[in-house]
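Examination of the molecular architecture
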Amino acid sequence: MLRATLSSLLARKVRLILSGLAVVLGVMFVSGSFVVTDTLSRSFDSVFSDAYSGTDVGVSAKPKISVSEMEGEQVAANFPASAVERVRGVPGVAQATGLVSADGARVIGANGKVITSFGPPQLGGNWTGESDLVRLRQGRGPTADDEIAVNAEVAKAAKLSVGDRVGVLTLAPKRQFTLVGVFGYSGDRDSLGGVQEVAFTDRAAQQLMLGETGVYNSITVKAADGVTPEQLRDRIATTLGDGYVVKTGAQLSDDASAGLKQGLAFFKNILLGFAAVALFVGIFLILNTFSIIIAQRTRELALMRAVGASRRQIIGSVLLEAVAIGLVASALGLGAGIGVGALLAFAFGQLGGGLELAGVGLPAAAVISAFAVGLLVTVIAATLPALRAARIPPVAALQDAATPDRPLTRISVAGAVVGAAGGALLTLGLSGRTGDSTLWTILGGVLVAFIGVALLTPLISRPVVALLGRLFSWSVPGKLGRLNSGRNPRRTAITAAALMVGIALVTGVTVILDSAKSSLAAQAEETLHAQLVISGAQTGPRLPSFDPAVLDRAAALPGMAAVAGVYNDQAMVNGERSYLNATTDLSALGAIYGATATAGTLHRLAPDQIAISDETAAKRGLALGAKVTVQLSRGEPHTYTVSALYPQDALPGSYLLPREATTDFANPQPFLGLLQLRDGVPVGQVQPQVEALLADSPEVSVADRAAYIDQQSGQFDTLLRMIQMLLALAILIAVLGIVNTLALSVLERTRELGLLRAIGLRRAQTMRMITVEAVVISVFGALLGVVVGAGLGTAVVHALESDGITELTLPWSQMGLFVGLAAVIGVIAAVLPSIRAARIDVLAAIAHE
C-alpha cells in the first residue's frame, strides 16, 4: 500500500505543485515572521550591549509616570546634581558621571527641514568627552552654551559640516548653535541603532532637554577594581534610598532590549495574523485539489478496495500523500521564509537609520512552526477527501471514473448553522461583553462566519454562476464555459470561496476605514469652526510642536476672532493613567468647537482649575467643584478643582488643563493651533501672515480647515494600503487555486475536450471556453467577497457607533474595481490551462479513459 501511495504521488506530482505552493507561501510568512523578529531582536541586543558597555552601574530617579514601550514615551525624572556627589562618595566607585539624555532634539537640516526619525529616538544630552565607545571624527566637543556636536548619522542626514550654524528644536523653540564637532562610535559606526544624537554643554542640555538647570536624569558609574557591579549597585541603592532606580549595566541593557522586544512581538503577531489568513485560504485550495484527484481516481481506489485494501488503508494512503506534500512545502516555505525575513530585517534596518544587523539566524520557533503549520494545514485539508475516498465501494471499479454530484441539503443546513454561530460570536464580540477576550471573540466570529458562507456557497453557486455566464453566452465557447463552471457546484464553490475570503477581508477593512474617515470628516465639519489650523504630520513617537509665542502673535493679527492652542501629555489622574490636554484659552476653544458646558462655564481656566468631559466625570465619580490630583510627566502632583463639564467629544480630550500646567508637560509646546477669523475676513489674506510666524517652527504648517481634515483622514488611506498589500498574499493563493482547479478539470475532461475538437471546436474556441469558465468562477468569488465583506464591515461600523464612527460609507468604486480585477485574474489564471486544453491531441484524447 505504501509503494502504491508513493507511486500515485509521483505520478501526480505536477498536479500537486500548486497545492504545495499555497502551503509554501503561508509557511514563508510564518517562518519569515520569526526570522525577522529574531534578527532584529539580536541586533538590538548588540546595540544596547554596546551602549552600556562602559557602565557598571546606572542610576536614575523613579519616573513620575511608568509606561511600557508600547504605551508611550516614558519621561525620566530629574534629580539634583548633588546626587552625583553622593554617588561618588560611595565606597567602590571609581568614577560617576552625571548625564542628561532625553528624546526630542530635532535638528534642522541645511534644506531648512527637520530631520525626521521613523522609530529611533532623537537624543539630546550633555557632552562628557570621548570614551571607548564614543570617538570624535571632526572638531571638538562643545564648551560654550551656543555650541553643539552631533553624531555622524545626524551630520550626514542634515548635510552639516563643522562650523555650520544649526537650528535645533528642543523643549524650547528653535535655537541656533555652532556645530563644533562630529562624533562616531566604535566599529566605525555612525550611530547606535539609528539613534540621532546631539551633544550640548551641561548647562544647555539641562535647560533645553530637562527644562531646568542644575539637574541630571541619570548617572553612569564605573566600579573600582575588585568591586563587582552587583556589590556596587547595592551600596549605591542603600545610599540614595527609595527615590532612585539603581541597576547594573547588564540589567539596563536587558531592560532596554525587553522594552523594544514588546514592539517586535506586536509586529510579529501582525505578520502571523496575515499568515493565518493566507493559510486559511490555502486550505480551500488543497481541499479542492484532493477532492478532484479523488474523483479522478475513483476506479483506481475501487480496484484497491476490491483486491483487499481496507478503508483505513485508503484513508492512510490519502493522508500520507498530504503529509508528503506538507513536508516538502514546509521545507521550501522555511527556506523562502529565511530569505523574506532577512529582506524585511534589512528594510527595517534601513528605515530605522541604518541599524547594524546581526547575522540572519534560524530560531527553533521558525523551524517548528514551519513544519507544524505546513503539516497541519495539508492534513486538515485532505481529511474530508480521504474520508470520501474510503467510502468508495469496490463495485465502482466497474463504473466510469467520474463520481456523481451529491445533494446539497446537508452541506447547506450545516452552512446555515455554522454561519449563524459565526454571526452570534461576532455580535457578542462587537457588543463588548466579553472583556479581555473581545478581540479573540471577534476574530473567531469572522472565521466561523467565513466557514459558514463557504458551506453555503454551493447552494448559491449554480444560479449565480448561470446568471454570470449569460454575459458570455453569445457564442458557443461562452455557452460551454458557462455550463462547465456550473456543472459541479461544490468544486466551483470551493474555488470561489478561496478568493472570497481575501476580497471579503479587503472589502470589510475598506468599509470600516472609509466609514471612520467619513465620520471624522463629518464631525470636523460640524464641530470645528476654525478657518485655519496649525499642525504637523507625526513621523515618530513625538507629536510635532511649535513655539507657543506664535499663538499670541497670531491673536494680534487683524481679522482674528479667537485663537486657541492645544498641548498633550500623559498623566496620573487620581491615580489612574490617562492622556490629557491643556489649552491656552478654554473660552476660545469652546467658541471654535461650538461647545457649551453641561455644568459650569467654559471660561479661561485659572491655574488651579480643570475641565472634564461629562462622560469621564461620571465614570470617575467627579462633579463640579470636585478636587482632582494630577501627576504630569514632570514636577510634583498638583490638585485642581473641576470648574466645567462639557459633552464627550465636544472638545479635544477628556481632561483640559490651563496653560500654566504645561511647564510640567513632557513637551511644553502646543501640537495644535486653532484660529477662527472674523466674519467676512478671507482666509487667503491671513494664512500667509500665519505662515510667516511659523518660520522658526518647521515641524508644522498652517492649512485651511478643508486641507486639515484631508490631512487627518489621509492617515486611514495609508493604513488601508498597508493592509491591502498584506492581504494580497491570500488573493494570490486564491488565484493559484483557480489555476489548479482548471488544470485538473482539463485533465479530467480530456476525452470530452477531444470529442469537442473532433466535431469542430477550434483551438482558439477551446481556449476561450476555458477562459470564460475561469472568469465566471473568479467574478463569482469576487461578488461573494464584496457582499460578505460589506456585510461584515457594516456590522462593525454599527457596533462602533458609540465610539464616534457614525457614518457608514460603502466604497462602491473600489468594490466595482475588485470585481473588475477578478475578471482580469480569471483571464490570467486561465492562460496555462487553456493552452494545455488547446494542445490536446484529438485522437489520443478520444481514446483516453
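Residues numbered from 1 in each chain as written. Predicted model: local features only at pLDDT ≥ 70, side-chain atom pairs only at ≥ 80, totals over all residues. Heavy atoms only, no water.

1. Observations concerning the overall build of the chain
- Within the chain, the regular secondary structure consists of 24 helices and 24 strands.
- If you line up the chain on its principal axes, its C-alpha atoms span 100 × 75 × 50 Å.
- Expressed as a percentage of its 849 residues, the buried residues of the chain come to 50%.
- Sequence separation of 24 or more characterises 82% of the internal contacts of the chain that already satisfy a separation of 6 or more.
- Entry remark: accessible area of the chain is about 36,700 Å², with carbon and sulfur atoms responsible for 60%. (Helix = DSSP H or I, 4+ residues; strand = E, 2+ residues; numbered from the N terminus. Buried < 20%, exposed > 50% of the residue type's maximum accessible area, 1.4 Å probe, protein only. Contact = heavy atoms within 4.5 Å. Areas by Shrake-Rupley, 256 points an atom, 1.4 Å probe, with all protein chains shown as cover.)

2. What about the nonpolar core?
- Judged by nonpolar contacts, the single largest core of 96 residues is most densely connected at F284 and F450.
- In terms of residues, this core owes the most to one element, helix α7 (residues 249–296), which gives 15 residues.
- Leave out the neighbours within four places in its chain, and F450 touches F280, M500, V501, A504, L505, V788 and L792.
- In terms of nonpolar packing, the next biggest core, distinct from the first, is built from 47 residues, I148, A152, L160 and A205 among them. (Core = buried A, V, L, I, M, F, W, Y, C linked by side-chain atoms within 4.5 Å.)

3. Quick word on the sheet that holds strand β3 (residues 93–99)
- As summarised here, the arrangement of the 4 strands in space is β3-β13-β1-β14, forming an open sheet in which the pairing is antiparallel. Sheet topology places β3 and β14 (244–248) at the edges, where each strand pairs with a single neighbour. Averaged over all pairs of adjacent strands, the angle between strand axes in this sheet comes to 20 degrees, irrespective of strand direction.
- For strand β1 (residues 57–61) and β14, the ladder comprises 5 bridges, and the chain directions are antiparallel. Counted as the bridge partner of V59 is V246 from β14.
- Most of the contacts of helix α6 (residues 229–240) go to β14, to which it runs at about 170 degrees, and overall it touches β1, β3, β13 (218–223) and β14. (Pairing = 2+ DSSP bridges. Axes fitted to C-alpha atoms, helices over the stretch in contact; angles between N-to-C directions.)

4. Remarks on the environment of G349
- Topologically, G349 is positioned in helix α9 (residues 311–351).
- Judged by relative accessible area, which is 1%, G349 ranks as buried.
- Each C-alpha atom of the pair G349 and S43 lies 9.4 Å from the other, and the pair is 306 residues apart in sequence.

5. Some words on the packing of helix α14 (residues 489–527) against helix α21 (residues 763–799)
- Here α14 crosses α21 at 35 degrees, and the two axes come no closer than 6 Å. The chirality of how α14 crosses α21 is right-handed.
- Here the contact of α14 with α21 is composed, by residue class, of 16 nonpolar, 11 polar and no charged. (Left-handed = near helix turned anticlockwise from the far one by under 90°. Nonpolar A, V, L, I, M, F, W, Y, C, P; charged D, E, K, R; others polar.)

6. Notes on the pattern of salt bridges
- One pass over the structure, following the stated rule, counts 19 salt bridges.
- Residue R106 pairs with E699 through a salt bridge whose shortest N-O separation is 2.8 Å. Separated by 593 residues along the polypeptide, R106 in strand β5 (residues 106–108) and E699 in the loop between α18 (683–693) and β24 (701–704) bring together distant segments of the chain. Assigned by exposure class, R106 and E699 land together as buried.
- Across the pair D696 and K174 runs a salt bridge whose closest N-O atoms are separated by 3.5 Å. (Salt bridge = Lys/Arg side-chain N within 4 Å of Asp/Glu carboxyl O.)

7. As for α21
- In this model, α21 (37 residues) spans 54 Å end to end at C-alpha, consistent with the 54 Å of a helix rising 1.5 Å per residue.
- Here α21 lies mainly inside the structure; 26 of its 37 residues are buried. (Expected span 1.5 Å × (residues − 1).)

8. Remarks on the packing of aromatic side chains
- For the coordinates displayed, the defined rule picks out 5 aromatic pairs.
- When the centroid spacing of 6.0 Å and the interplanar angle of 80 degrees are considered together, the rings of F183 and Y185 count as edge-to-face.
- An aromatic cluster is defined as three or more aromatic residues linked by ring pairs; in this entry it consists of W127, F183 and Y185. (Phe/Tyr/Trp six-rings, centres within 6.5 Å; stacked < 30°, edge-to-face > 60°.)

9. Side note on helix α22 (residues 812–829)
- Given a rise of 1.5 Å per residue, 18 residues ought to cover 26 Å, and the 25 Å separating the end C-alpha atoms of α22 matches this to within 8%.
- Listed in full, the buried residues belonging to α22 are M815, F818, A822, I825, G826 and A829. Across the axial projection of α22, the buried residues extend over an arc of 100 degrees, all falling on one side. Turned more than 90 degrees from where α22 packs its buried face, W812, S813 and I828 sit exposed. (Arc of directions from axis to C-beta.)

10. Remarks on the side chain of R542
- Topologically, R542 is positioned in the loop between β15 (532–535) and α15 (549–555).
- Only 3.3 Å separates the side chain of R542 from the backbone oxygen of D103, close enough to count as a polar contact.
- Residues within four places of R542 in sequence aside, it is in contact with E73, D103, G104, L171, A666 and N667. (Polar contact = N/O pair within 3.5 Å; in protein donor to acceptor, adjacent residues only side chain to side chain.)

11. Describing the environment of A158
- Tracing the sequence through the fold places A158 in helix α4 (residues 152–158).
- Through-space distance from the C-alpha of A158 to that of A309 is 76 Å; in sequence the pair is 151 residues apart.
- In this structure A158 touches V107, G109, A110 and I115, once residues within four positions along its chain are discounted.

12. Points about the pairing of strand β9 (residues 165–169)
- Counting buried residues in β9 gives 4 out of 5 residues, a clear majority hidden from the surface.
- Here β5 runs beside β9; their pairing, made up of 3 bridges, is antiparallel. When the sheet's bridge partners are listed, V107 is paired in β9 with V168.
- Judged from the 4 bridges that link them, β9 and strand β10 (residues 175–185) form a sheet pairing that is antiparallel. The residue of β10 that forms the bridge with G167 is Q176.
- Taking the residues between adjacent antiparallel strands as the criterion, β9 and β10 are bridged by 5 residues.

13. With respect to the packing of α14 against α22
- Viewed as axis vectors pointing N to C, α14 and α22 meet at an angle of 160 degrees, and their least axial separation amounts to 11 Å. Put simply, α14 runs roughly antiparallel to α22. The element α14 and its partner α22 pack so that their crossing is right-handed. Of the residues in α22, those in contact with L499, I503, V506, T507, T510 and D514 of α14 are Q814, M815, F818 and A822.
- Looking at the contact of α14 with α22 residue by residue, the classes come out as 6 nonpolar, 3 polar and 1 charged. (Parallel < 35°, antiparallel > 145°, perpendicular 65-115°, else oblique.)

14. Quick word on the environment of T507
- With respect to the helices and strands, T507 occurs in helix α14.
- Among the residues examined, T507 registers a relative accessible area of 0% and is labelled buried.
- Measuring from C-alpha to C-alpha, the distance between T507 and V107 comes to 42 Å, with 400 residues separating the pair along the chain.

15. Focus on the side chain of S515
- On the secondary structure map, S515 appears in helix α14.
- Setting aside anything within four residues of it in sequence, one finds S515 in contact with V797, I805, E807, L808 and T809.

16. Some remarks on unusual backbone geometry
- Positive phi outside glycine occurs at K159, with the angle close to 55 degrees.
- On the secondary structure map, K159 appears in the loop between α4 and β9.
- One non-glycine residue with positive phi stands out, namely D649, at about 70 degrees.

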